[in-house]
Amino acid sequence: MKTLYDVQQLLKKFGIYVYVGKRIWDIEVMALELDHLYKAKIISNEEFVSAKLVLTHEHKIEELKIKKLNNGGGL
């Protein structure tokens with residue numbers, strides 16, 4: 001798993017569609033859904049870890065975007 005799209009497709013296999021309205025919120029909800037699937041032993045450890053890494057990376061990107069916007073885009 002390499003992209004957020006890959007994680008979405010994994011969740012879609014189980015009938016889980018996430019759209020909250022803000023990308024960062026979507027990522028957070030996807031992480032929660034992933035946790036539930038893993039705890040229920042529906043997905044493998046490898047799938048879980050791979051998907052969590054993608055979500056963590058994407059979440060950090062979104063946090064940086066928000067931080068930039070709040071600081072007026074300056075350095």
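Presented here is a report on the structure given in the accompanying data block. (Residues numbered from 1 in each chain as written. Predicted model: local features only at pLDDT ≥ 70, side-chain atom pairs only at ≥ 80, totals over all residues. Heavy atoms only, no water.)

## Overview of the pattern of salt bridges
Next, step 1: Scanning all chains against the criterion turns up four salt bridges.
Next, step 2: The partner of aspartate 35 in a salt bridge is lysine 52, and the shortest N-O contact between them spans 2.9 Å. Here lysine 52 lies in helix H3 (residues 45-70) and aspartate 35 lies in helix H2 (residues 23-39), a separation of 17 residues in the sequence.
Next, step 3: Between lysine 65 and glutamate 62 there is a salt bridge, with the nearest N and O atoms lying 3.3 Å from each other. With lysine 65 and glutamate 62 both in helix H3 and three residues apart, the pair spans about one turn of that helix.
Next, step 4: Note on lysine 65: relative accessible area 45%, which makes it partly exposed.
Next, step 5: For glutamate 62, a relative accessible area of 9% puts it in the buried group.
Next, step 6: Among the charged side chains, a network of salt bridges with common partners joins Arg23, Glu58, Glu62 and Lys65. (Salt bridge = Lys/Arg side-chain N within 4 Å of Asp/Glu carboxyl O. Helix = DSSP H or I, 4+ residues; strand = E, 2+ residues; numbered from the N terminus. Buried < 20%, exposed > 50% of the residue type's maximum accessible area, 1.4 Å probe, protein only.)

## Concerning the packing of helix H1 (residues 4-12) against H3
Next, step 1: One way to put it is that H1 packs onto H3 with a least axis distance of 9 Å and a crossing angle of 135°. If you check the angle between H1 and H3, you find them oblique. Seen from above, H1 lies across H3 with left-handed handedness. Contacts from Leu4, Val7 and Leu10 in H1 reach Glu47, Ala51, Val54, Leu55 and Glu58 in H3. (Axes fitted to C-alpha atoms, helices over the stretch in contact; angles between N-to-C directions. Parallel < 35°, antiparallel > 145°, perpendicular 65-115°, else oblique. Left-handed = near helix turned anticlockwise from the far one by under 90°. Contact = heavy atoms within 4.5 Å.)

That is the geometry; function is a separate question.
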